[in-house]
Each structure stands twice: as structure tokens, then as C-alpha cells.
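Listed below are the residues making up each chain.
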Amino acid sequence: MHCRCKRCSVAEVLPGQYVGRFAPSPTGELHIGSLLTAVASYLDARSLGGKWILRIEDLDPPREVPGASLRIIRTLERYGFCWDGDVVWQHQRHDTYADGLDFLRKNGFAYPCGCSRKRVREAGLQGVDGWRYPGFCRNLAVAAEGQLAWRLKVDDQAVAYVDRLQGVQSQNLAEELGDFVLLRADGCWAYQLAVVLDDAAAGISHVVRGSDLLDSTPRQIYLQRILGLPTPQYMHLPVLVNAAGEKLSKQTLAPALQEGLESEMLGFVLKCLGQELPSFFPEMSLAELWEWAISNWTVSKIPQCKAISVEYAPKSGYKIL
Ligand code: GLU
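No experiment lies behind these values; they were computed from the predicted model shown.

Let us look at the overall build of the protein. Across its full length, the protein carries nine helices and 15 strands. For a compact globule of 321 residues, the expected C-alpha radius of gyration is about 20 Å, and the protein comes in at 20 Å, within 12% of that figure. For the C-alpha atoms alone, the extent of the protein along its principal axes is close to 70 × 40 × 35 Å. Burial analysis of the protein (321 residues in total) assigns 50% to the buried set. Counting only contacts in the protein whose residues sit at least 6 apart along the sequence, the fraction spanning at least 24 positions is 75%. Surface summary for the protein: the accessible area is close to 15,100 Å², and the carbon and sulfur share equals 51%. Looking at the protein, you have 34 positive and 36 negative side-chain charges, and the mean spots of the two groups are 3 Å apart.

This next bit is on the pattern of salt bridges. For the coordinates displayed, the defined rule picks out 19 salt bridges. Residue Arg219 is joined to Asp129 by a salt bridge in which the shortest nitrogen-to-oxygen separation is 3.0 Å. Pair noted here: Arg219 is in helix α7 (residues 217–227) and Asp129 is in the loop between β5 (126–127) and β6 (130–131), with a separation of 90 residues, a long-range link. A single network of salt bridges, built from pairs that share partners, joins Arg21, Arg55, Glu57, Arg93, Asp198 and Asp199.

The subject of this paragraph is the packing of aromatic side chains. Within the structure shown, the criterion is met by 11 aromatic pairs. Between Tyr161 and Tyr234, the aromatic rings sit 5.8 Å apart at their centres with planes inclined by 65 degrees, giving edge-to-face as the arrangement. Placement of Tyr161 in strand β8 (residues 158–163) and of Tyr234 in strand β12 (residues 233–237) is noted, with a sequence separation of 73 residues between them. You can call Tyr161 buried: its relative accessible area is 9%. The class of Tyr234 is buried, set by a relative accessible area of 1%.

A few words now on the sheet that holds strand β4 (residues 110–113). Picture the strands of a sheet paired through backbone hydrogen bonds; they go either parallel or antiparallel. Taken in spatial order, the three strands line up as β4-β7-β10 in an open sheet, and their pairing is antiparallel. Edge positions in the sheet fall to β4 and β10 (180–183), since each of these pairs with one other strand and no more. Each adjacent strand pair in this sheet contributes to an overall mean axis angle of 45 degrees, direction not counted. Pairing geometry for strand β7 (residues 149–152) and β10, over three bridges, is antiparallel. For Arg151, the partnering residue across the bridge sits in β10 and is Val181.

Before going further, it helps to examine the sheet that holds strand β3 (residues 88–89). The parallel open sheet is built from three strands, whose spatial order is β1-β2-β3. Strand pairing shows two members of the sheet lacking a second neighbour, β1 (19–22) and β3, which therefore form its edges. Where strand β2 (residues 51–56) and β3 come together, two bridges link them in parallel fashion. Counterpart to Arg55 in the pairing with β3 is Val88.

As a further point, take the pairing of β12. A large share of β12 lies buried, amounting to four of its five residues. As paired strands, strand β11 (residues 206–210) and β12 are joined by five bridges and run parallel to one another. Note on β12: the bridge partner recorded for His206 is Gln233. Note that the unit made of β11, α7 and β12 has a crossover that is right-handed.

Within helix α8 (residues 262–272), eight of the 11 residues are buried, which leaves it mostly tucked inside the rest of the structure. What α8 keeps buried is the set Glu262, Met265, Leu266, Gly267, Phe268, Val269, Leu270 and Cys272. Buried-residue contacts for α8 involve α1 (32–47), α2 (68–79), β13 (239–241), α9 (286–296), β14 (307–313) and β15 (317–320). Backbone geometry just downstream of α8 places Gly274 in the positive-phi region, at approximately 80 degrees.

Counting residues in hydrophobic clusters, the biggest one holds 51 residues, and the most contacted among them are Ile32, Leu35, Val39, Leu76 and Phe81. Counting residues per element, this core draws most heavily on α1, which supplies nine residues. Among all residues touching Phe81, those that are not within four sequence positions of it are Leu35, Ala38, Val39, Tyr42, Trp52, Leu76 and Trp290. Counting 32 residues, the second largest nonpolar core, distinct from the first, contains Leu104, Leu177, Phe180 and Val207.

This paragraph deals with the environment of Trp189. Within the secondary structure, Trp189 sits in the loop between β10 and α6 (191–201). Residue Trp189 is classed as buried on the basis of its relative accessible area of 9%. Apart from residues lying up to four places away in sequence, Trp189 is in contact with Leu59, His94, Tyr97, Ala98, Leu101, Leu182 and Leu183.

Taken together, Arg21, Ala23, Pro24, Ser25, Glu57, Tyr191, Val195, Arg209 and Leu213 make up all the residues around the ligand. A distance of 2.6 Å separates a nitrogen atom of the ligand from a polar side-chain atom of Glu57. Contacts to the ligand include Tyr191, whose side-chain N or O atom sits 2.7 Å from an oxygen atom. For the ligand, the accessible surface in isolation is 300 Å², of which the surrounding protein chains cover 78%.

Rules behind the numbers
The residue numbers shown here count from 1 along each chain, following its written sequence. Reporting in this predicted model follows two pLDDT cut-offs: at least 70 for local features of residues, and 80 or more for side-chain atom pairs to be given and counted; totals over whole chains, interfaces and linings ignore these cut-offs and use all residues. Hydrogen atoms and water are omitted, and side-chain values are computed over all heavy atoms in the structure. Helix numbers and strand numbers start at the N terminus; a helix is a DSSP run of H or I with at least 4 residues, a strand a run of E with at least 2. Our radius of gyration is a C-alpha quantity, and the globule rule it is checked against amounts to 2.2 Å times the number of residues to the power 0.38. The classification of residues rests on relative accessible area computed with a 1.4 Å probe and restricted to protein chains. Under 20% of the type maximum is buried, over 50% is exposed, and intermediate values are partly exposed. We call two residues in contact when some of their heavy atoms are within 4.5 Å. Exposure was quantified through the Shrake-Rupley algorithm and a 1.4 Å probe, taking into account, for residues, occlusion by the shown protein chains and nothing else. In this tally, Asp and Glu contribute negative charge and Lys and Arg positive charge; neither His nor the terminal groups of the chain are included. Working definition for charges: the position is that of NZ of Lys, CZ of Arg, CG of Asp or CD of Glu. Think of a salt bridge as a Lys or Arg side-chain nitrogen and an Asp or Glu carboxyl oxygen that are within 4 Å of each other. Classification of ring pairs rests on two measures: the distance between centres of Phe, Tyr or Trp rings, Trp counted by its six-membered ring, which must be within 6.5 Å, and the angle between planes, read as stacked under 30 degrees, edge-to-face over 60 and tilted in between. When DSSP finds at least two bridges between two strands, those strands are taken to pair. Axes, fitted as lines to C-alpha atoms, cover a helix only where it is in contact. Angles between the N-to-C directions of the axes lie from 0 to 180 degrees. By the criterion used throughout, a crossover qualifies as right-handed when its path from the first strand across the helix to the second strand runs clockwise, the strands pointing away from the viewer. Take the buried Ala, Val, Leu, Ile, Met, Phe, Trp, Tyr and Cys residues and link them wherever side-chain atoms come within 4.5 Å; each set so joined is a nonpolar core. Proximity criterion: a residue is near a molecule or strand once any of its heavy atoms comes within 4 Å of it. Polar contact is defined as a pair of N or O atoms within 3.5 Å, subject to the rule that within protein one atom must be able to donate a hydrogen and the other to accept it, and that residues adjacent in sequence are counted only when both atoms are side-chain atoms.

Structural data, given as C-alpha cells:
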């Protein structure tokens, strides 16, 4: 089977070979921006006869909102998403992350780091994802003491890949990021390590997620290479932003998805994704809309940009600006 996308050369898929996923963090309710990611990853998988997995990324208890995981699952059910297998929970996978770190440590790829955030900030090296770590603890003869984080040594080489929507991407991890954290000093596993091990364990072949994670992908590919894991195909979607250009999120007060507006919201995200709704859309049931969306999913119609501005008005709902 071939990808319907006329643009990418990398997305040829044989039946049964596609495994996609949606991986929300329970730091708040699902909103229209997270719905867009869920819908695109679901349609991409289902339109190619693929599997679709739901993984709750509950790695960071201090940032978790009590009850959000179950509310996310209920909302996805209400929308009619059907995932394959059981929900995967990151809090049940700490042993896998520990084994991954163990391998990296034993093979000289990871080292303990006792630097505070303040020390890193004071070094003043700006990176693509906050302050760049200058490598203070990289070659210490005696490891620092106290509560230690673990960092991965990165190479001074570009990590490049072809994104199905955003085209060629490249990042030099040493210049743009520095050695990055795998395990935080407070004992929480870092997203980068967990996501790589989880995607590999689930056999994920295609990652479809927001463009806010474009800068994370080279770190994940680098880790995959060191750990001897396959690299999935990536597609980074435009994220929905408000009129001020801020990504819709709990912090920017994006409203939670309301009950009863499922078809309307699904129709809106399909429109944002460039899929032209049929004229009979207002008469369609939610099930009919899904069926239509799966059989008409066209990657080449997705806007090739990093952000789409939208506005919400309580009476009229969402509109694209
Ligand atoms: N858990 C991340 C989020 O909610 C997504 C991670 C991913 O798709 O790789 O933003």
C-alpha cells in the first residue's frame, strides 16, 4: 500500500506495518490543539490500515493534574477513537527506563551531573531548548555528590532527517543543546529517554505530533542510534496558536473540549488540517464523519507550516484567523 501523500518519498507502507500512537501528558484536559494531533495521528494510521496506540505520558507527577489521565481517556472514547491493545502508562515502565540508562552508563554514553539550574543559567549559553549545558561534569575524575541527574554525551555532528511535512531537518546537538538530561536530579525520567524506549517497545513506525516537538526529534534519533533502535518516520503538524501566537495549552487557558460538540470540533480540526469537508457535513453522524475522514485523509493537503492561528468565541466556537 502506498501513502496517499504525493509529496513524501519516505512513507511507503505495507499492510500491517504501520503502528502509530497518540501520547498525551496528563498535565491538563484535552483541548482543540491536542484533538488535532490525536485526529491526524489516528487518520494517518487508520487510512493506511495501521494500528494506533494510546500512551499516557505520566512521567512528571509534579506537573500532573489529578484525574486528568482518566478524563483524557473518557474524552477520546466520547470522540469515537478506538486504540489497539491496552493503554500504555509511562508510570508502569520505570524499569525499562532504568535498563536503558544502565546500558548508556555502562557503555560510557551517560554521566552523573550535580549542576544546579542556576549554575547552567549563569554559564549563559543559549540553546534551542533553554540554556545549553556547558559540560561541567562531563569529565570529572570524581563524580559530583548529592542528588545527581544523568546526562547523555552528545556529538559535535548534525543529526538530520526528513520530516514528512516539514521537509529536511538538521540539528547539531553539541552546538544547539549540549549534553541533555536522561534522569532528573529529583528522580523523574526525562521525556526524551522515555519516549524513545516506549516508541521502540511498541514498534511505532510513524510518529505524528505537533511542531513544538521538532527540536526534540534529533535528540530522539541520536538516542535511537546509540541504543540500536529503529527510527520511525516523523511528521510534525502545525500547532494551533492563539491571536498572540501562543500555543493553545493549559497555560494559555485553552478551554477543555466540551461534551456534545464532538462532530463540530472534529469538523473544525479537519478543516485546520486542510481536509475539505463534504457539503453534507452538517447532516453526518460522528461515525459517518470518521468513516469519511479515514477514507479521504490526504497528507498533501495539510498546511506545510508550523502554526495555525485560531480564535475561540463562546457563542460561535472556533475559527481560523
Ligand atoms: N507527551 C507529549 C505532549 O503531550 C507528546 C509526546 C510525543 O508525541 O512524542 O506534548
